[in-house]
Amino acid sequence: MGTAELASRPNAGIDEEMYYRRFTLGQRYQHAGLATSFLALAFTGMTLRFSTQDWAVTAARLVGGFAVIQFFHLFFAVILTSIFLIHVGDLIRRMVYLHEKGLLSGPTTMVVRRKDFEDFFANMKYFLWLGPAPKFDRYAYWEKLDYWGEWWGMGVIGLTGYAMWFPEFFARFIPGRWLNVALVFHSWEALLAAGFIFLIHFFNAHLRPLNFPMDLVIFTGRQSEEEFKIRHPVEYERIAASGGLEKLRAEAPPRWMNNCSGLFGLLAILAGFLLMVLAVSSFVRG
Ligand code: HEM
């Protein structure tokens, strides 16, 4: 099956093809928790930010008022922070205790490498019909951008959020007026992060032709052999050459898992677009 055919039949061949594991159960849980808490934070945060708009007043009324929205914002902030800390803890465990090779360098790392720049420029040339499509390794450059964007967002949104939540504590270390600056940074960085996730990340991960209408691999943890070969050919060829494919073999995802993943993904995409429409219309109306 060629690229064009796969594009017209995303997640094709369920139950007919061989499947390979791409993400662990822990990584899948982390992503689901991150996606849920981010969506909830974006919704509650935007409701607070645009609290004079009709839609925000209606949303607040539905759940019992702005105080409840504020409570849920902080509740999901704790969930998101916990997931982030679990992720950091897992990285430390893999680095320090398991001495996992390839975490910080080599073809499977999330650290940006020379090949990512080469792939980026090759992709730009491909978009302009000036060259062939680049062949990606385990992570494409835009997947690394998504990943590091979350570290950046967590740093800026998290720090400013906690500064607003515990102003007396932070005022021991920073001048009081910086707390006002924290609100401005939190608010604008939140909008940037929501725009990035709901427009760029959703497009890259689900809506681009090769993945349309949805790539379920982060939910099911598995990809078909054809998807593996087309999306990550360099990794596929490397593992095949080293005889390691058999170790990655997995069962095809059961139908219920595909259905639940598809439903979750669809709701997340619709919620994200709805929020973007609400945010932009709130700006326009002022
Ligand atoms: C660790 C994570 C976070 C913490 C601790 C946090 C904390 C806070 C706090 C304390 C407020 C002020 C609430 C009030 O008293 O009205 C706030 C507001 C807000 N938050 Fe967060 N937040 C976090 C993550 C996020 C995320 C991920 C987003 C969106 C993507 C977000 C979007 C907003 C927005 C838009 C506001 C309203 C700002 C305004 O009034 O202009 N927050 N947050």
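It should be noted that the structure appears before, not after, this text.
The rules behind these values
Numbers given to residues run from 1 along each chain, matching the order in which its sequence is written. Owing to the predicted nature of the model, reporting of local features is limited to residues with pLDDT of at least 70; listing and counting of side-chain atom pairs is limited to 80 or more, with chain, interface and lining totals taken over all residues. Runs of E in the DSSP output that reach at least two residues are strands. Runs of H or I that reach at least four are helices, and both are numbered from the N terminus. Our radius of gyration looks at C-alpha atoms and nothing else; its globule reference is 2.2 Å times the residue count to the power 0.38. Exposed residues have 12 or fewer other C-beta atoms within 10 Å of their own C-beta, buried residues have 20 or more, and partly exposed residues fall in between, where C-beta atoms are placed from the backbone. Placing a C-beta atom from the backbone of each residue, one calls two residues in contact when those atoms lie within 7 Å. Near residues are defined by distance alone, with the backbone-placed C-beta atom required to lie within 6 Å of the molecule or strand. Basically, the charged four are Asp, Glu, Lys and Arg, the nonpolar ten are Ala, Val, Leu, Ile, Met, Phe, Trp, Tyr, Cys and Pro, and anything else, Gly included, counts as polar. Any two strands with at least two DSSP-identified bridges between them are counted as paired. Here the expected span of a helix is defined as 1.5 Å times the quantity of residues minus one. In this usage, the nonpolar core is the set of buried Ala, Val, Leu, Ile, Met, Phe, Trp, Tyr and Cys residues whose C-beta atoms join them within 7 Å.

Outline the overall build of the protein chain, supporting the account with residue identities and numerical values.
Of the regular secondary structure elements, the protein chain holds 13 helices and three strands. Here the protein chain has a C-alpha radius of gyration of 21 Å; the compact-globule value for 286 residues is 19 Å, and the two agree. When the backbone C-alpha atoms are referred to their principal axes, the protein chain occupies close to 60 × 40 × 40 Å. Counting the 286 residues in the protein chain, one finds 23% classified as buried. Within the protein chain, counting contacts between residues at least 6 apart in sequence, those at least 24 apart form 74% of the total.

How would you explain the site of the ligand if you had to name every residue and give the values?
If you check the shell around the ligand, you find 23 residues, and the closest are Gly45, Ala77, Gly161, Ser187 and Ala190. Sorting the residues of the shell around the ligand by element identifies helix H2 (25-49), helix H4 (66-97), helix H6 (141-165) and helix H8 (177-207) as the ones contributing at least two each. Looking at side-chain class alone, the shell around the ligand contains 14 nonpolar, eight polar and one charged residues.

Give a detailed account of unusual backbone geometry, specifying residues and quantitative values.
Going from phenylalanine 212 to proline 213, the amide bond is cis rather than trans, its omega being 0°. Structurally, proline 213 is set in the loop between H8 and helix H9 (217-220). Here the phi dihedral of histidine 99 falls at roughly 50°; this positive angle occurs in a residue that is not glycine. For histidine 99, a count of 8 C-beta atoms within 10 Å gives the class exposed. Not every positive phi belongs to a glycine, and tryptophan 129 is a case in point at roughly 60°.

Requested: an account of the sheet that holds strand E3 (residues 249-250), with residues and values cited.
With respect to topology, three strands assemble into an open sheet ordered E2-E1-E3, the strand pairing being antiparallel. Of all the strands in the sheet, the pair left with one neighbour each is strand E2 (222-224) and E3. In the sheet, strand E1 (residues 19-21) pairs with E3 via two bridges, with the strands oriented antiparallel. Note on E3: the bridge partner recorded for tyrosine 19 is alanine 250.

Describe H2, with residues and values.
The first and last C-alpha atoms of H2 sit 35 Å apart over 25 residues, in line with the 36 Å expected at 1.5 Å per residue. Turning to H2, the residues buried within the fold contact helix H3 (54-63), H4, H8 and helix H13 (255-285).

Pulling in residues and values, what's your account of the nonpolar core?
Membership of the largest hydrophobic core comes to 17 residues, with the highest contact counts inside it found for Leu41, Ala42, Leu80, Ala194 and Leu275. Of all elements in the fold, only H2, H4, H8 and H13 reach the threshold of two or more residues within this core. Look past the residues within four positions of leucine 275 in its chain and what remains in contact with it is Ala42, Phe43, Met46, Ala194 and Phe198.

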